[in-house]
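Chains, contacts and geometry: an overview
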Amino acid sequence: MEERWSTEHILSLAPDPASGKAAGKLSGPSPWSEQGSGQGVLWGLCKGSGSTPYRTAVELGTPAYRCSCPSRKFPCKHALGLLLLWSAGPEAVADDAEPPGWVAEWIDARREAAEQKTARREARATEADPAAGRRRAERRSARVAAGAGELRLRLADGVRRGLADRPSADGWEEVAARMVDAQAPGLATRVRALAETPQEALLEEYAMLHLLAGAYGRIDTLPAPLAATVRARVGFTADSAELLAGPTVRDRWHVLGSRDTADDRLTTRRLWLRGAKTGRSAVLLAFGRPGQAPDLALPTGRVLEAELAFHPGARPLRAVLGTRYGTPEPAPAEAPAGLSPEEAMAEYGEAVADDPWLDAWPTVLTGVVPVLGPEGWQLTDGLSALRVRRGSVPEAALWRLAAASAGHPVTLFGECGHAGFAPVTAWTESARPIGVTQ
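Within any chain, residue numbers begin from 1 and follow the written order of that chain's sequence. The predicted origin of the model limits local features to residues at a pLDDT of at least 70 and limits the giving and counting of side-chain atom pairs to 80 or more, whereas totals for whole chains, interfaces and linings rest on all residues. Computation of side-chain values covers all heavy atoms of the structure but excludes hydrogens and water.

1. Remarks on the pattern of salt bridges
Note the cut-off: A carboxyl oxygen of Asp or Glu within 4 Å of a side-chain nitrogen of Lys or Arg is what we treat as a salt bridge. To qualify as a helix, a DSSP run of H or I must reach at least 4 residues; to qualify as a strand, a run of E must reach at least 2; elements of each kind are numbered from the N terminus. The buried label applies to any residue whose accessible area, calculated with a 1.4 Å probe on protein chains only, is under 20% of its type's maximum; exposed applies above 50%, and partly exposed to all values in between.
Considering all chains together, one arrives at 14 salt bridges under this definition. The shortest N-O distance in the salt bridge between Asp355 and Arg233 comes to 2.6 Å. You can see Asp355 sitting in the loop between α11 (341-354) and β11 (360-373) and its partner Arg233 sitting in helix α9 (residues 224-234), a full 122 residues away along the chain. Taking relative accessible area as the criterion, Asp355 reaches 6% and is therefore assigned buried. On the basis of relative accessibility, which here comes to 25%, the residue Arg233 falls in the partly exposed class. What emerges from the salt-bridge pattern is a single network uniting Glu150, Arg154 and Arg178.

2. Digging into the sheet that holds strand β4 (residues 64-67)
Backbone-to-backbone hydrogen bonds join strands into a sheet, with any given pair of strands oriented parallel or antiparallel. Applicable threshold: Strand pairing is assigned whenever DSSP identifies at least 2 bridges connecting the two strands. With axes taken as lines fitted to C-alpha atoms, and helix axes fitted only over the stretch in contact, angles between N-to-C directions fall between 0 and 180 degrees. Two residues form a contact once any of their heavy atoms are found within 4.5 Å.
Pairing within the open sheet is antiparallel, and its four strands lie in the order β1-β2-β3-β4. The open sheet has two edge strands, β1 (32-38) and β4, and neither has a second partner. Pairwise comparison of adjacent strand axes, ignoring direction, gives a mean angle of 10° for this sheet. Pairing between strand β3 (residues 54-59) and β4: four bridges, direction antiparallel. Across the sheet, residue Val58 finds its bridge partner in β4, namely Tyr65. Lying over the sheet, helix α3 (residues 77-87) contacts β1, β2 (41-46), β3 and β4, oriented at roughly 70° with respect to β1.

3. Let's talk about the sheet that holds strand β16 (residues 433-435)
Taking strand neighbours across the sheet as the criterion, the six strands line up as β13-β12-β11-β14-β15-β16 in an open arrangement whose pairing is antiparallel. Across the chains shown, the open sheet's two edge strands, defined by having one partner strand only, are β13 (385-387) and β16. Ignoring which end each strand starts from, the neighbouring axes of this sheet average 50° apart. Bridge count for strand β14 (residues 410-417) against strand β15 (residues 420-427) is seven bridges, and the pairing is antiparallel. Directly across from Thr411, in β15, lies its bridge partner Trp427. Packing of α11 onto the sheet brings it into contact with β11, β12 (376-380), β13 and β14, and relative to β11 it is tilted by some 150°. Strands β11, β12, β14 and β15 of the sheet are contacted by helix α12 (residues 395-405), whose axis makes an angle of about 75° with β11.

4. Some thoughts on unusual backbone geometry
In the segment running from Phe74 into Pro75, the intervening peptide bond is cis, with an omega of -5°. Tracing the backbone through its elements, the reader meets Pro75 in the loop between β4 and α3. Phi angles above zero are rare outside glycine, and Gln39 is one such case at about 55°. Tracing the chain through its elements places Gln39 in the loop between β1 and β2. With relative accessibility at 65%, the residue Gln39 sits in the exposed group. Here the phi dihedral of Asp96 falls at roughly 55°; this positive angle occurs in a residue that is not glycine. Tracing the backbone through its elements, the reader meets Asp96 in the loop between α3 and α4 (101-127).

5. Considerations on helix α6 (residues 169-181)
We count it as follows: One fewer than the residue count of a helix, multiplied by 1.5 Å, yields its expected span. The reported arc concerns the directions from the helix axis to the C-beta atoms and nothing else.
The end-to-end C-alpha distance of α6 is 18 Å, a good match for the 18 Å that 13 residues give at a rise of 1.5 Å each. By the burial criterion, the buried members of α6 are Gly171, Trp172, Val175, Ala176 and Met179. Axial view of α6: buried residues confined to an arc of 140°, hence all on one face. What points out from α6, more than 90 degrees from its buried face, is the exposed set Asp170 and Asp181. Packed against the buried residues of α6 are α5 (130-161), α7 (185-194) and α8 (202-217). Just past α6, the residue Gln183 takes up positive phi, approximately 60°.

Structure follows, in structure tokens:
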């Protein structure tokens, strides 16, 4: 029997607030007929404005969505409404039902498409010309090295002129475009960020960017793990299939939290995991186009047994989800083990010693109380404290967290870094995870 999802998790899948609000109107039984769930799939017919009801189905493992409505949003309000109805319990949507023909056809088509995709990838790998691939890699490496050298000169010129005479946003965009031409998108992203960097932090950002560009200039002399970190920071990507073909780590992964960030081009979802046996931290990234939620969703507080393949680096963190062994299960009825604020900063210090460009490290704080002081919000255990990173969550979310704490210690998961702690998930005395809204 598939474990029911929480309302909070379902609404987190909505591509925008309007879709979540519209889904709430479809969360009751009245618009639905022939609904059921079984074999990892949820389905139902939703009455719409026309004479023919919309056929809606959700594959719960990925998840994936299908609806005959004309909406271009994924998941649409009907899929979200069906999930909300299902979350109410078996009296609303029966368990262990047999999928109707149209649902079975959709699942078979998805399975066939996945098999064809795998076959095409394997065929490309077989047909690839290793010599041609090496030549392409050498050409790109030369372009990136030239771009990194140019960036170091521009940064040095900026320091000589004085930081008060900083370039305009258009000036930084011109430099970023040069980095894109040099096939170094990671450098381009960091350059664009300089346009919004406060004046008091500009020299620090110059220094870190200069260090990164200089590290790529002598990448052949660096230890292999650090070289992999530099390549990733500059903008080289690793193929997921190649990573999964190499060493993987199988564990029961506790989903500690997730967070979506969006711009005009892309929605990025980060999911943080921690291995029950290995204790390793991992972050999964998923992406969605505007109006479409990222295709990977794991409920916070659940445990998934699966294989992960980590991107190489001096401090491996980003991972790719491989083979799953079952569906996410409820975590133990207790908050995850954590660190004190002092221990959390020490752990971040160890991480940043391996990767100097690491802004934050995923951390669980235990036994802390959120308090508002003269210098802003802090998380304290009575002996040490961490400030909450400004802008990481809205002020209202921090007040809700303080209300949930009611002055008692809580467990918090988030990212700990030099700018402070960015909370993502909280566990109070009830040991149920609470999302700290961004």
